[in-house]
Amino acid sequence: MADYETITTVGGLGDIHLVGVPFQPGTEVEVVVTPKKTNGEPVVDADQRLTALLSALDHAHNAEPIGSLRREELYDRDVVR
């Protein structure tokens, strides 16, 4: 049987009621609840944002070398850079 999608609102006690689903009584179904997208953008929580940020930082690379990392040159205060 084909999938069935619908939209509903969560009640005051966190309950969700579905009426008129096209399945026979006793049919085992899988229920997945996701927040509705707003303005075309998906609703994301702080954990998803943090995961995306850490993933982006993990894949970030310098496009150009930064030069020598010799201690003497890094701490040379006589040269203006």
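Our structure's up above, just so we're on the same page.
Report follows, based on the coordinates. (Residues numbered from 1 in each chain as written. Predicted model: local features only at pLDDT ≥ 70, side-chain atom pairs only at ≥ 80, totals over all residues. Heavy atoms only, no water.)

The number of helices and strands found in the chain is two helices and zero strands. Carbon and sulfur atoms make up 54% of the accessible area of the chain, which amounts to about 8500 Å² in all. (Helix = DSSP H or I, 4+ residues; strand = E, 2+ residues; numbered from the N terminus. Areas by Shrake-Rupley, 256 points an atom, 1.4 Å probe, with all protein chains shown as cover.)

Turning to the environment of Ala-2, a few remarks are in order. If you trace the backbone, Ala-2 turns up in the segment before helix 1 (46–59). Of the residues examined, Ala-2 reaches a relative accessible area of 60% and is grouped as exposed. It is 9.6 Å that separates the C-alpha atoms of Ala-2 and Pro-22, two residues lying 20 residues apart in sequence. (Buried < 20%, exposed > 50% of the residue type's maximum accessible area, 1.4 Å probe, protein only.)

As for its placement among the helices and strands, Phe-23 is situated in the segment before helix 1. What makes Phe-23 partly exposed here is its relative accessible area of 27%. Note: C-alpha distance between Phe-23 and Tyr-4 (19 residues apart in sequence) is 9.4 Å.

When the terminal C-alpha atoms of helix 1 are compared, their 20 Å separation across 14 residues agrees well with the 20 Å that a helix rising 1.5 Å per residue should span. Little of helix 1 sits inside the fold, with zero of its 14 residues counted as buried. (Expected span 1.5 Å × (residues − 1).)

On to a nonpolar patch on the surface. On the surface, Tyr-4, Val-10, Ile-16, Leu-18, Val-21, Val-29, Val-31 and Val-33 cluster together into a nonpolar patch covering about 690 Å² of accessible area. For Val-29, the position within the fold is in the segment before helix 1. In this structure Val-29 comes out as partly exposed when scored by relative accessible area, which is 47%. (Patch = residues over 30% accessible without salt bridge, like charges linked within 9 Å, V, L, I, M, F, W, Y side chains within 5 Å. Salt bridge = Lys/Arg side-chain N within 4 Å of Asp/Glu carboxyl O.)

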